[in-house]
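Architecture and fold: a report
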Amino acid sequence: MQRVVIGTAGHIDHGKTTLVRAITGIDTDRLKEEKKRGISIELGFAPLALPNGDQASVVDVPGHERFIRHMLAGAFGIDIVLFIIAADEGVMPQTREHMDIIELLGVNKGIVVLTKIDMVDEEWLFLMEEEVREYIDKTILKGAPIISVSAPKKIGLDNLLNEIQSRCLTVEERPVLGQSRLPIDRVFSIAGFGTVVTGTLWSGQINVGDNLELMPSGKNVKVRTLEVHNDKVMTALAGQRVAVNLQGINMDEVKRGYWLSTTGFLSPSFRVDTRLHLLRSSSRTLRNWNRVRFHLGTDEALGRVALLDRDELLPGEEAYAQIVLEKQIVCHKDDPFVIRYYSPVTTIGGGSIIDPLAPKQKRFREDVLDELALKEEGTLYDVLLHELESSATGLTAEQLVKKAGSNREQVLRELQVLIDDERVLVLKDNEYYSMDVLSGIKDKITGVLNDFHESYPLRFGYPKEDMRSRYFNFIDGKAFNLILKFWEQSGNLVNKNNLLLMPGFKPSPQDKENEIIIKIREQLNKEPFQPPDKAELFGACGIDEIFFNEIMSFLLSSGELIKINADMFFTHDAISKGQDLLNSYFAKNKELTLGEARDLFATSRKYMLPLLEYYDKIRFTRRVGDIRVKTGS
């Protein structure tokens with residue numbers, strides 16, 4: 001069964017609602033004020049049974065100029081338009097404005113319905129058909145059939161229904177897989193059930209029990225029940241008119257213009273980048289920073305237009321523009337929109353969304369215009385690569401779906417092609433990185449390391465976490481480790497003991513450093529178990545403190561020196577010799593006191609106690625009360 005939404009359009013009092021009632025049996029004027037005044041004020045909805053047994057949805061819109069914003073809320077999302085012109089009046093002001101809106105939304109499937117033919121004679125009807133054909137053939141509905149009817153007298157209705165059925169078969173149904181989006185056009189409450197919202201499901205599907213997100217508020221809601229034209233269903237599909245009974249939200253927390261969507265799919269924004277078209281019929285130009293009324297889906301927002309490559313847009317022209325809104329809206333790439341002048345309120349143009357989460361753009365910048373051209377016209381492969389190359393960090397598939405305005409399946413397919421082409425790498429938690437970005441990170445790291453090795457030739461490497469926090473704090477630790485691992489496996493750097501260094505680098509003391517190292521060795525080897533403290537070593541070297549500390553750090557890192565406490569250092573040879581002494585002692589004795597150790601090492605308590613504590617620390621000995629025993633005994 002085809003899932004098709006049919007919308008009416010046309011001037012006030014040209015018979016839209018009467019026609020809908022005639023073909024559906026439902027009066028879509030439900031408000032008391034509508035009955036009293038005889039005009040449609042709000043949107044009306046009805047199911048339409050087609051001759052072949054299929055069912056379509058009809059959205060009846062108001063024609064009065066004061067309610068154009070309501071008409072716009074209904075026009076978004078329709079597949080076929082019944083463009084209605086009264087035979088006794090012909091083309092009128094709202095006829096033209098409604099046609100402009102249909103063109104801006106790209107609705108190119110339609111039927112022109114010439115109503116009230118019972119109120120004119122045959123000659124007038126012939127002339128009117130000619131006039132309407134001449135007008136229609138200059139619009140998006142060029143070549144559309146013209147069906148003459150009288151709704152009250154049931155004239156021509158069978159022909160109309162057959163033509164509607166024929167047109168429905170040509171509609172490409174909306175995708176039911178992927179993310180769901182429903183623009184809300186009506187909100188009400190039912191006693192015992194709570195909040196109900198209605199709308200035309202633009203994409204995906206909604207199931208009873210689904211957890212969805214209400215945007216732009218970001219509130220989580222649950223689907224309690226679903227109805228499609230008063231019939232309870234378990235699943236609603238894209239292209240259907242849906243009533244959704246929501247759990248977890250009050251009626252006053254929802255309004256027309258909000259969206260129901262898959263959780264995490266949409267994000268609110270104050271700025272959108274667009275391809276903007278000014279109607280040829282517009283009586284005014286559009287200047288940079290003009291205030292406008294922005295319509296998308298069922299939402300309306302005030303905003304200003306920033307023309308990115310000119311100061312003024314003339315009727316019939318197109319340009320890249322950023323629309324800066326006065327409230328947050330939600331949308332998706334390629335969504336159509338309409339703009340109207342702030343005052344006087346007239347429809348002047350529209351276009352399509354290029355970037356729904358746009359950054360603030362600078363005007364007259366070639367790079368900005370080139371980027372918009374790529375986002376608008378580039379292949380999905382090109383767009384994904386551009387987004388990844390423009391991001392300092394990795395992006396998930398879900399983030400790329402938003403940015404590219406595509407569905408998850410297509411995005412994953414193109415990402416795999418990019419991986420196969422070695423343009424993209426997937427790392428932590430399915431985050432994708434452009435190889436250009438990874439190469440930039442590698443180049444920065446190796447640049448820092450080369451400078452570091454040159455400035456500090458005695459240091460064994462650059463602290464890994466300092467590298468991340470100082471230069472890459474926008475990358476979390478896990479991702480940074482994976483990036484380092486990738487470049488280490490590629491042979492571009494070394495990550496050892498949380499120190500980063502260039503492949504092949506080894507600390508290499510030069511003549512000046514070797515002179516000081518020899519002096520330190522001489523001082524420490526005079527009495528290996530009674531070494532001079534740090535201050536004495538520093539005084540014996542006769543160099544500045546920074547240079548001295550560099551050399552000491554080198555000797556400690558290389559293992560030649562071992563730090564016992566803040567001021568006491570032993571050589572590696574002394575520590576090894578002490579272990580030999582202790583092994584010989586414990587070969588004959590089971591226990592060792594501090595005094596015995598002092599005599600054994602021919603040193604004082606000042607040195608022996610911290611030395612024994614060091615041997616305990618490395619588990620060579622073990623303290624039991626006031627004595628030491630050999631570990632393992």
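What comes next concerns the included structure. (Residues numbered from 1 in each chain as written. Predicted model: local features only at pLDDT ≥ 70, side-chain atom pairs only at ≥ 80, totals over all residues. Heavy atoms only, no water.)

1. Quick notes on the environment of alanine 86
Following the sequence through the fold, alanine 86 ends up in strand β4 (residues 80-86). Linking alanine 86 and valine 149, residues 63 residues apart in sequence, is a C-alpha distance of 9.7 Å. With sequence-adjacent residues up to four places away left out, alanine 86 is seen in contact with His14, Thr115 and Lys116. (Helix = DSSP H or I, 4+ residues; strand = E, 2+ residues; numbered from the N terminus. Contact = heavy atoms within 4.5 Å.)

2. Some words on the side chain of threonine 446
Tracing the sequence through the fold places threonine 446 in helix α11 (residues 435-455). In this structure, threonine 446 is in contact with Asn492 and Met502, ignoring residues within four places of it in sequence.

3. Here we look at unusual backbone geometry
Following methionine 215, the chain continues to proline 216 via a peptide bond in cis, the omega torsion being 10°. Topologically, proline 216 is positioned in the loop between β11 (211-215) and β12 (219-228). Residue serine 343 is joined to proline 344 through a cis peptide bond whose omega torsion reads -5°. Inspection of the secondary structure puts proline 344 in the loop between β23 (336-341) and β24 (347-355). For lysine 116, which is not a glycine, the phi torsion comes out positive at approximately 60°.

4. Side note on the sheet that holds strand β22 (residues 318-329)
Strand order in the closed barrel formed by six strands is β17-β22-β20-β19-β23-β24, and the pairing between neighbours is antiparallel. Here the strands of the sheet are splayed against their neighbours by 45° on average, with no regard to which way each runs. Of the strand pairs in this sheet, β23 and β24 are connected by five bridges, and their pairing is antiparallel. Residue arginine 340 lies in a different strand from β24, and its bridge partner there is threonine 347. Running over the sheet, helix α3 (residues 68-75) touches β19 (291-296), β20 (299-307), β23 and β24 and is turned about 170° from β23. Helix-sheet contacts for helix α7 (residues 366-377) involve β17 (269-278), β22 and β24, and the interaxial angle to β22 is about 85°. (Pairing = 2+ DSSP bridges. Axes fitted to C-alpha atoms, helices over the stretch in contact; angles between N-to-C directions.)

5. A short note on the pattern of salt bridges
Across all of its chains, the model carries 33 salt bridges by this definition. A salt bridge links aspartate 616 to arginine 628; the nearest nitrogen and oxygen atoms lie 2.8 Å apart. You can see aspartate 616 sitting in helix α19 (residues 605-617) and its partner arginine 628 sitting in strand β35 (residues 627-630), a full twelve residues away along the chain. The two residues aspartate 616 and arginine 628 agree in class, both being buried. Within this structure, Asp355, Glu371, Lys375 and Glu387 form a network of salt bridges that share partners. (Salt bridge = Lys/Arg side-chain N within 4 Å of Asp/Glu carboxyl O. Buried < 20%, exposed > 50% of the residue type's maximum accessible area, 1.4 Å probe, protein only.)

6. Re the pairing of strand β9 (residues 194-200)
Along β9, six of the seven residues are buried, which leaves the element largely enclosed by surrounding structure. As paired strands, strand β8 (residues 186-190) and β9 are joined by five bridges and run antiparallel to one another. Across the sheet, serine 189 pairs through a bridge with threonine 195, a residue of β9. Between β8 and β9, which pair antiparallel in sequence order, lie three residues; one of them, glycine 192, sits at a positive phi of approximately 90°.

7. Let's talk about the sheet that holds strand β2 (residues 44-49)
Backbone hydrogen bonds hold the strands of a sheet together, and the pairing may be parallel or antiparallel. One open sheet accounts for six strands, arranged β2-β3-β1-β4-β5-β6; its pairing is mixed. Strands at the two margins of the open sheet, each flanked by one partner only, are β2 and β6 (146-148). Sheet twist, expressed as the mean angle between neighbouring strand axes with direction ignored, is 25°. As defined by bridge partners, β4 adjoins strand β5 (residues 110-115) across six bridges and the pair is classed as parallel. Considered in β5, the bridge of valine 81 is made with glycine 110. Each of β4, β5 and β6 is contacted by helix α5 (residues 122-136), which is oriented at about 150° to β5, the strand it contacts most. Contacting β1 (5-10), β2, β4, β5 and β6, helix α6 (residues 157-168) runs over the sheet at an angle of about 165° to β5.

8. Focus on the packing of helix α1 (residues 16-24) against α6
Packed helix pairs are characterised by how far apart their axes lie and by the angle those axes make with each other. It is at 11 Å that the axes of α1 and α6 come closest, and there the two elements cross at 85°. Considering their axes alone, α1 and α6 lie roughly perpendicular with respect to each other. Counting all contacts with α1, which are made through Leu19, Ala22 and Ile23, the residues of α6 involved are Leu157, Leu160, Leu161 and Ile164. Here the residues of the contact of α1 with α6 are counted per class, giving seven nonpolar, no polar and no charged. (Parallel < 35°, antiparallel > 145°, perpendicular 65-115°, else oblique. Nonpolar A, V, L, I, M, F, W, Y, C, P; charged D, E, K, R; others polar.)

9. Some details on the nonpolar core
Most often, soluble globular proteins have nonpolar side chains that are buried together. Formed by 80 residues in total, the largest nonpolar core has its most connected members in Phe83, Leu286, Phe294 and Ile339. Beyond its immediate stretch of four places on either side in the chain, phenylalanine 83 contacts Ala9, Thr95, His98, Met99, Ile111, Val112, Val113, Tyr135, Ile136 and Leu141. Among the nonpolar cores identified, the runner-up in size contains 25 residues, and Ala22, Val58, Ala151 and Ile164 belong to it. (Core = buried A, V, L, I, M, F, W, Y, C linked by side-chain atoms within 4.5 Å.)

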